[in-house]
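Coordinates in review
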Amino acid sequence: MTTIGIIGAGEVGSQLARAAVAHGYQVVIANSRGPETLTHLVDELGPSARAATAADAAEAGDSVITAVPLKLVNDMPVEQLAGKIVLDTNNYMPWRDGHFPTIDSGEKTVHELRQEQLPTSKVAKAFTHIQAPRLFLSARPPGTPGRHALSVSSDHPEAVELVTRLYDEFGFNTVDNSPLSESWRSGPGQPAWLSHAHQTRKQLAANLADARRIPYPVRG
């Protein structure tokens with residue numbers, strides 16, 4: 001059985017864990033406070049899930065989700081993530097994280113910085129413009145007319161392929177918004193972000209195309 005490691009057990013990480021277990025995956029989940037603080041969540045998730053440290057979740061995962069903000073001084077387990085596809089659900093929010101001049105200037109996106117911090121991993125921006133409850137509320141079977149779509153950005157085609165497959169399993173269509181340098185198009189304040197309640201593949205593609213660089217900070 002395929003295992004997904006999840007680093008971050010907040011609203012997004014916990015909901016992705018629920019979705020993964022519901023679709024037949026094993027889950028190893030970590031937070032910053034220690035495995036013993038995740039007892040209630042693991043009990044809810046059932047026998048397909050266990051709590052661990054971030055390094056152990058990274059080591060256990062066939063692929064790994066990072067559901068935590070980026071820090072300029074890397075706090076992710078680089079060695080344990082080596083060679084793995086890493087799905088980064090983070091959005092750059094300077095009112096939460098502080099200002100990163102490289103991002104504010106447009107030189108780099110937050111996901112390019114994550115890739116630089118994980119040079120031996122294959123980073124993909126995923127699950128970033130959907131609210132956590134809608135991972136279940138908006139999910140529809142393949143072929144459903146008007147199915148909700150999500151974007152993925154990566155510098156690695158194999159990462160895009162994995163995210164596309166995961167989206168489809170979880171109930172969503174995909175729009176490829178690669179490479180990572182284009183990932184700002186689905187960020188806070190952009191049309192794709194503001195249409196998070198529902199957008200089809202065609203609508204999402206149009207929203208990504210309509211994105212324009214905006215000054216920070218933006219609250220969306």
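Every value quoted in this text rests on a predicted model; they were computed, and no experiment measured them.

A word on the overall build of the protein chain
Within the protein chain one finds eleven helices and eight strands. Radius of gyration (C-alpha) of the protein chain: 16 Å, near the 17 Å computed for a compact globule of 220 residues. C-alpha atoms of the protein chain, sized along the principal axes, occupy 45 × 45 × 30 Å. Of the contacts made within the protein chain by residues no fewer than 6 positions apart, 65% connect residues no fewer than 24 positions apart. Accessible surface, the protein chain as shown: approximately 9800 Å² in total, 53% of it carbon and sulfur. Considering the protein chain, the positive charge centre built from 20 side chains and the negative charge centre built from 23 side chains are found 7 Å apart.

A closer look at the pairing of strand S6 (residues 122–125)
Here strand S5 (residues 85–88) runs beside S6; their pairing, made up of four bridges, is parallel. The residue bridging Asp88 from the neighbouring strand is Lys125, located in S6. Inspection of the sheet shows S6 paired to strand S7 (residues 149–154) by two bridges, in the antiparallel sense. Looking across to S7, one finds that Ala124 is bridged to Ser154.

Quick look at the packing of aromatic side chains
The geometry of an aromatic ring pair comes down to the distance between the two centres and the angle between the two planes. Enumeration over the complete set of coordinates arrives at three aromatic pairs. Judged by centre distance (5.5 Å) and plane angle (35°), the rings of Tyr92 and Phe100 are tilted. For Phe100, a relative accessible area of 6% gives the class buried. An angle of 85° between the planes, with centres 4.9 Å apart, marks the rings of Phe127 and Tyr167 as edge-to-face. Of this pair, Phe127 sits in the loop between S6 and helix H8 (134–137) while Tyr167 is found in helix H9 (residues 157–170), placing the two residues 40 residues apart along the sequence. Here the two residues Phe127 and Tyr167 agree in accessibility, since each one is buried.

Things to note about the nonpolar core
Counting residues in each nonpolar core, the largest one holds 34 residues, and the members touching the most others are Val27, Ile29, Leu87, Phe127, Tyr167 and Phe170. When contributions to this core are tallied by element, the ones reaching two or more residues are strand S1 (3–7), helix H1 (11–22), strand S2 (26–30), helix H2 (39–45), S5, S7 and H9. Considering every element that reaches this core, the biggest residue donor is H9, with seven residues. Among residues more than four places away in sequence, those in contact with Ile29 are Ile6, Gly8, Ala9, Gly13, Ala17, Leu38, Leu41, Val42, Arg50, Ala51 and Ala52. Residues Ala52, Val68, Leu81 and Val86 belong to the second largest nonpolar core, which totals 13 residues.

A word on the layout of surface pockets
In this structure, the largest pocket occupies an estimated 730 Å³ of space. As for the largest pocket, its lining consists of 34 residues, and the residues nearest its centre are Val12, Ala67, Val68, Thr89 and Arg96. When its residues are assigned to classes, the lining of the largest pocket shows 16 nonpolar, 13 polar and five charged.

Basis of the calculations
- By convention here, each chain's residues receive numbers from 1 onward along its written sequence.
- Reporting of local features is limited, given that this is a predicted model, to residues whose pLDDT is at least 70; pairs of side-chain atoms are given and counted only at 80 or more, and all residues count toward the totals for whole chains, interfaces and linings.
- Each side-chain value is derived from all of the structure's non-hydrogen atoms; neither hydrogens nor water enter the calculation.
- The helix count covers DSSP runs of H or I at least four residues long, the strand count covers runs of E at least two residues long, and both are numbered beginning at the N terminus.
- With C-alpha atoms as the basis for the radius of gyration, the globule rule is written as 2.2 Å multiplied by the number of residues raised to the power 0.38.
- Whether two residues touch is decided by their heavy atoms; if any such pair falls within 4.5 Å, the residues are in contact.
- Computed with the Shrake-Rupley method and a 1.4 Å probe, the accessible areas treat only the protein chains shown as cover for residues.
- Just so you know, the count uses Lys and Arg for positive and Asp and Glu for negative, and it drops His and the chain ends.
- A charge is said to be at NZ when it belongs to Lys, at CZ for Arg, at CG for Asp and at CD for Glu.
- A strand pair is defined by DSSP finding two or more bridges across the two strands.
- Stacked, edge-to-face and tilted are the three classes for Phe, Tyr and Trp ring pairs, Trp counted by its six-membered ring, which pair at centre distances within 6.5 Å; planes under 30 degrees apart are stacked, over 60 edge-to-face, the rest tilted.
- To sort residues, take the accessible area from a 1.4 Å probe on protein chains only and compare it with the maximum for the residue type: under 20% means buried, over 50% means exposed, and anything in between is partly exposed.
- Within this scheme, the nonpolar core is defined by two criteria: the residues are buried Ala, Val, Leu, Ile, Met, Phe, Trp, Tyr or Cys, and they are joined through side-chain atoms within 4.5 Å.
- Both site types are read off a 1 Å grid over the protein atoms alone. A 1.4 Å probe that fits but cannot get out defines a cavity, while an open set with protein on both sides within 12 Å along at least five of seven lines defines a pocket; lining residues have an atom within 4 Å of a point.
- Grid points are joined across faces, edges and corners, and a volume is the space filled by probe spheres set on the points.
- Three categories are distinguished: nonpolar for Ala, Val, Leu, Ile, Met, Phe, Trp, Tyr, Cys and Pro, charged for Asp, Glu, Lys and Arg, and polar for the others, with Gly belonging to the last.

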